[in-house]
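Take a look at the letters that make up each chain.
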Amino acid sequence: MSSFDLVRCQSYPSSSSSFSSSPYDLGLCQDIVIPVCMEGIPYNSTIMPNVLGHQTQEEAAGEAGQFYPFVLLQCSPDLRLFVCSVYTPVCNVVGEPIPPCRPLCESARNGCSDMMSYYGFPWPDAFSCEQFPQAGLCFGL
């Protein structure tokens, strides 16, 4: 079953209640609770599972939190948005996570990878920018 089928099937009311097809109304979207992503980004609700397959924000929070010191050090103005677009993708009408665009990833990586490596935290393989779309249906620059 595709995620489209899941959204479509859940969109039909089971009683005489009003019809709703909003991902937020269907419970697919939720308020962001991961601290690094609770401010400084242009949205406040996310959809799970995320781009990395985390099923819950609680599952993603530990990994996302590792980037908070680098966000605070401001190694790249795009690091927070990139990290949050991966761990807490924006809620959307598609009903599935929209990946970050490659230029957003590259900007974050170019600004932060040297500093991260200096502190013993290499740029993660899961953040390989080549896996993200250059343009089209993606989030960011």
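Bear in mind that the values here come from a model prediction, so they are computed numbers and not experimental data.

K.L.:
Any details on the packing of helix α4 (residues 79-87) against helix α5 (residues 102-118)? Residues and values, ideally.
P.N.:
Interaxial distance between α4 and α5 falls to 8 Å at its minimum, and their mutual angle equals 125°. By the angle between their axes, α4 is oblique relative to α5. At the point where α4 passes α5, the crossing takes the left-handed sense. Where α4 abuts α5, its residues L79, L81, F82 and S85 lie against L104, C105, A108 and C112. A breakdown of the residues in the contact of α4 with α5 according to their chemical character gives seven nonpolar, one polar and no charged.

K.L.:
Mind laying out the nonpolar core, listing which residues take part and the relevant values?
P.N.:
Counting residues in hydrophobic clusters, the biggest one holds 32 residues, and the most contacted among them are Y43, L79, F82, V83, Y87, W123 and F127. Mapped onto this core, the elements with two or more residues apiece are α2 (57-65), α3 (68-73), α4 and α5. Ranked by residues supplied to this core, first place goes to α4 with seven residues. In this structure, F127 is in contact with L52, F67, F82, V83, V86, Y87, C105 and F132, ignoring residues within four places of it in sequence.

K.L.:
An account of the confidence of the model for the chain is needed here, citing residue identities and associated values.
P.N.:
Of the residues in the chain, 81% reach a pLDDT of 70 or more, and the chain-wide mean stands at 85. When the elements of the chain are averaged for pLDDT, helix α1 (residues 3-11) gives the smallest value, 32, and α4 the largest, 98.

K.L.:
Mind laying out the packing of aromatic side chains, listing which residues take part and the relevant values?
P.N.:
Applying the stated criterion across every chain, the model contains twelve aromatic pairs. Ring centres 4.9 Å apart and planes at 85° place the aromatic pair F82 and F127 in the edge-to-face group. In this pair, F82 is assigned in helix α4 and F127 in the segment after α5, connecting sequence segments 45 residues apart. Assessed through its relative accessible area of 0%, F82 is described here as buried. Taken together through their ring pairs, the aromatic side chains of F67, F70, F82, Y87, Y118, Y119, F121, W123, F127 and F132 make up a single cluster.

K.L.:
Which residues make up the environment of F67, and what values go with them?
P.N.:
One can find F67 in the loop between α2 and α3. For F67, a relative accessible area of 1% corresponds to the buried category. F67 sits 54 residues away from F121 along the chain, and the two C-alpha atoms are 9.5 Å apart. The residues contacting F67, other than those within four sequence positions of it, are L79, V83, Y87, M116, F121, P124 and F127.

K.L.:
Lay out the state of the cysteines in plain terms, naming residues and giving numbers.
P.N.:
Tallying each qualifying case throughout the model produces five disulfides. The partner cysteine of C29 in its disulfide is C91, sulfur to sulfur 1.8 Å. Handedness here is read from the sign of the S-S torsion; for C29 and C91, about 80°, the answer is right-handed. With C29 in strand β1 (residues 29-31) and C91 in the loop between α4 and α5, the pair connects residues that are 62 residues apart, well separated along the chain. Its relative accessible area of 6% is what places C29 among the buried residues.

How each quantity is defined
Residue numbering note: each chain is counted from 1, following its sequence as written. Where local features are concerned, this predicted model is filtered to residues with pLDDT of at least 70; where side-chain atom pairs are given and counted, the filter is 80 or more; whole-chain, interface and lining totals use all residues. Note that water and hydrogens are dropped before the side-chain values are worked out from all heavy atoms of the structure. Angles here are taken between N-to-C directions and fall from 0 to 180 degrees, while the axes themselves are lines fitted to C-alpha atoms, restricted in helices to the stretch in contact. Secondary structure elements follow DSSP: runs of H or I no shorter than four residues count as helices, runs of E no shorter than two count as strands, and numbering proceeds from the N terminus. Roughly parallel covers angles under 35 degrees, roughly antiparallel covers those over 145, roughly perpendicular covers 65 to 115, and oblique covers all other angles. Two helices that cross are described as forming a left-handed crossing if the nearer one is turned anticlockwise from the farther one by less than a right angle, and a right-handed crossing if clockwise. In what follows, residue pairs with any heavy atoms lying within 4.5 Å of each other are defined as contacts. Gly is placed with the polar residues, together with every amino acid not listed as nonpolar (Ala, Val, Leu, Ile, Met, Phe, Trp, Tyr, Cys and Pro) or charged (Asp, Glu, Lys and Arg). Put simply, buried Ala, Val, Leu, Ile, Met, Phe, Trp, Tyr and Cys residues joined by side-chain atoms within 4.5 Å make one nonpolar core. Only protein chains enter the accessibility calculation, which uses a 1.4 Å probe; a residue whose area is less than 20% of its type maximum is buried, one above 50% is exposed, and one in between is partly exposed. Every residue carries a pLDDT, the predictor's confidence in it, which falls somewhere between 0 and 100. The pairing test for Phe, Tyr and Trp rings, Trp by its six-membered ring, is centres within 6.5 Å, and the orientation test on the planes gives stacked under 30 degrees, edge-to-face over 60, and tilted for anything in between. We call a pair of cysteine sulfur atoms a disulfide whenever their separation is within 2.5 Å.

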